[in-house]
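# Coordinates in review
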Amino acid sequence: MSVRTAVVGAGIMGDVHLKQLNSIQDIDVVALMDPNEENATTLSTKHDVEGVFGDMETMLAVARPEYVIVASPPRFHAAQAIAAMQSGAHVLVEKPLCITVSETEAIEACAKQTRRQFTMGVQRRQSRAMRAVKQFIQDGELGTVYHSRVWAGHIMSYAWGQYHHRKEMSLGGVLAATTVHTLDACLWLIGAPEPLTVTASTFRRLDKMKSPHVSFEGTATDSTVEDFGHAHVRFADGSSMSIEGNWLMHPTKHGNGFEILGVNGVARDVAPYVELEEGTKVIPYEFNHEEEPDDAVRQEHVEFIDAIRGNGIPIVSFQEALTVQKILVGIYTSAESGKEVSVKDLA
Ligand SMILES: NC(=O)c1ccc[n+]([C@@H]2O[C@H](COP(=O)([O-])OP(=O)(O)OC[C@H]3O[C@@H](n4cnc5c(N)ncnc54)[C@H](O)[C@@H]3O)[C@@H](O)[C@H]2O)c1
């Protein structure tokens, strides 16, 4: 039987999800919810969705979806995910998961109480090469991991969409919206160690530039988020991580990536993924892995539907989602106070 599925948020990511959901035989898209009627109508027409709704409560009551994709601005994620689970649906919540650490904990508590499945919309984990790297690190082949570097952003452009430049809607700017993908992937690969402290600086350049390129509706002074940020994280296992995000990056071929430093070598997210070290010699390690999926978003739905049906577990665990959220909230708290923050004190 097809899984009755609903999408919340008819923006850029809602469009991406609808396209991929409609290509999966086991899925029946029964509803699209967005308070912006024009956006909802445009996407429902484009993707042939019959049920169009302007509010969550009516959508859940009338369409009775079994699977809900939350692709609205992050400010609404927690309440909408919880409402969906309480109505009986399993949920995929787009990144960044929500605004606070306590919202993340509330989503987890609700999933446990309602016995619904949860996953987060992050599309690096579907890569078979990345899964091979994860296995390699898990098997201890890279040796003890002592530091990771994560960097990601855009070349001279904010994220597209209506809300990414507004902090009250989006948690933050480049680090929360863009770098989060690479951060999530890197944390997943190293086993999501417990973060202890975060120290960070953030900066907004857009409204100070001579001739800013504005990729959202409005002017440069409307942005209330960072377009550059840097953080240092200490973990309970003794390792550390540096994180850098930049939406207004100078043109470069290495705008996004990570490096995981283990005592035996380096894992990178550009081929060949791992280079081992023997004395002064560098030895590339070749992985054998399954063929890559055609599309990561499609694959994330296929795998989550499998998990809903009891075949396997969701690719994103609560512990991992919570680790990402703690680091993001730690970054903004530290940047605001100008001090290192202790993760256990974050709300
Ligand atoms: N996984 C990815 O690669 C990826 C890429 C882009 C965006 N995203 C994430 O997807 C989410 C949406 O981003 P976007 O780029 O599609 O934004 P967008 O600005 O293009 O669209 C947001 C949509 O949400 C609607 N909306 C506003 N309030 C709402 C509410 N209360 N309930 C439901 N809908 C509401 C808006 O009307 C708009 O249609 C964000 O969390 C974003 O970070 C993920």
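Numbers given to residues run from 1 along each chain, matching the order in which its sequence is written. The predicted nature of this model means local features are confined to residues of pLDDT at least 70 and side-chain atom pairs, given and counted, to a pLDDT of 80 or more, with totals for whole chains, interfaces and linings taken over all residues. Side-chain numbers here rest on the full set of heavy atoms in the structure, without hydrogens or water.

For the rest of this paragraph, the subject is the sheet that holds strand β2 (residues 27–33). Strands sit in the order β3-β2-β1-β4-β5-β6 across an open sheet of six strands; the sheet is parallel. Of all strands in the sheet, those bounded by a partner on one side alone are β3 (51–53) and β6 (118–121). Neighbour to neighbour, the strand axes of the sheet diverge by 20° on average, direction disregarded. With four bridges connecting them, strand β5 (residues 90–94) and β6 associate as parallel partners. Its bridge partner lying in β6, V93 is registered against M120. Two strands pair under a simple rule: DSSP has to find at least two bridges between them. Counting from the N terminus, the helices are DSSP H or I runs at least four residues long and the strands are E runs at least two residues long. The axes are straight lines fitted to the C-alpha atoms, using for helices just the contacting stretch, and the angles between their N-to-C directions are given from 0 to 180°.

Let's shift gears to the pairing of strand β7 (residues 145–155). Bridging between β7 and strand β11 (residues 257–262) involves six bridges; their strand directions are antiparallel. Note that in β11 the partner of R149 across the bridge is E259. Sheet analysis places β7 next to strand β10 (residues 240–249), joined by eight bridges and oriented parallel. Residue pairing for β10: H147 is matched across the bridge by S240.

The environment of the ligand is formed by 29 residues, the closest being M13, D34, N39, K95 and Q162. Whenever a nitrogen or oxygen atom comes within 3.5 Å of another N or O atom, the pair is scored as a polar contact, on the condition that within protein one atom can donate a hydrogen and the other can accept it, and that pairs from neighbouring residues in sequence are kept only if both atoms are in side chains. Measuring from an oxygen atom of the ligand, one finds a backbone N or O atom of M13 at 2.8 Å. Between the ligand and Q123, the relevant distance is 2.8 Å, taken from a nitrogen atom to a side-chain nitrogen or oxygen of the residue. With the chains in place, 89% of the 850 Å² that the ligand exposes on its own is no longer accessible. At the level of secondary structure, the elements contributing two or more residues to the shell around the ligand comprise α1 (12–21) and α4 (77–86). Residues are grouped as follows: Ala, Val, Leu, Ile, Met, Phe, Trp, Tyr, Cys and Pro are nonpolar; Asp, Glu, Lys and Arg are charged; every other residue, Gly included, is polar. Counted by class, the shell around the ligand contains 13 nonpolar, 13 polar and three charged residues. In these notes, residues near a molecule or strand are those with any non-hydrogen atom within 4 Å of it. In these tables, accessible area is a Shrake-Rupley quantity obtained with a 1.4 Å probe, and a residue counts as shielded only by the protein chains included in the view.

Moving on, we come to α1. Buried means the residue's accessible area, taken with a 1.4 Å probe over protein chains only, is under 20% of the maximum for its type, while exposed means over 50%, and partly exposed covers the values in between. All of the buried residues along α1 are G14, H17, L18, Q20 and L21. Projection of α1 onto a plane perpendicular to its axis shows the buried side chains occupying an angular sector of 170°, all on one side. Exposed side chains of α1 directed beyond 90 degrees from the buried face belong to I12 and K19. Of the surrounding elements, those touching the buried residues of α1 are β1 (3–8), β2, α2 (37–47), β4 (67–70), β5 and α9 (296–308). As used here, the arc belongs to the directions running from the helix axis to the C-beta atoms. We call two residues in contact when some of their heavy atoms are within 4.5 Å.

Where each domain starts and ends comes from a domain assignment, either automatic or drawn from a database. Parsing the chain into structural domains produces domain 1 (3–116) and domain 2 (128–293 + 324–345). Computed over C-alpha atoms only, the centres of domain 1 and domain 2 are separated by 27 Å. Facing the 14 residues of domain 1 at the interface are 16 residues of domain 2. On the surface where domain 1 and domain 2 come into contact, there are six residue pairs in polar contact (both at pLDDT 80 or more). When the residues that make up the side of domain 1 that touches domain 2 are grouped by side-chain class, the tally is nine nonpolar, three polar and two charged.

Right, let's get into the nonpolar core. Soluble globular proteins tend to pack their nonpolar side chains together in the buried interior. Core analysis: the biggest nonpolar cluster contains 53 residues, and L142, L183, M241, I243, I260 and I331 have the highest contact counts within it. When residues in this core are grouped by element, the largest group, eleven residues, is from helix α8 (residues 174–189). Joining through side-chain atoms within 4.5 Å is the link that ties buried Ala, Val, Leu, Ile, Met, Phe, Trp, Tyr and Cys residues into a set, and such a set is a nonpolar core. In this structure, V8, M56, V93 and I107 belong to the second largest nonpolar core, which totals 31 residues.

This next bit is on the sheet that holds β10. The pairing of strands in a sheet happens through backbone hydrogen bonds and is either parallel or antiparallel. Taken together, nine strands build an open sheet; the order of strands is β14-β13-β12-β11-β7-β10-β9-β8-β15 and the sheet is mixed. The open sheet has two edge strands, β14 (281–285) and β15 (341–342), and neither has a second partner. The sheet contact formed by β11 and strand β12 (residues 265–268) spans four bridges and is antiparallel. Considered in β12, the bridge of E259 is made with R268. Running over the sheet, helix α6 (residues 128–138) touches β7, β11, β12, β13 (274–278) and β14 and is turned about 30° from β13. Those strands touched by helix α10 (residues 318–337) are β8 (195–203), β9 (228–235), β10 and β15, and its axis lies near 50° from that of β8.

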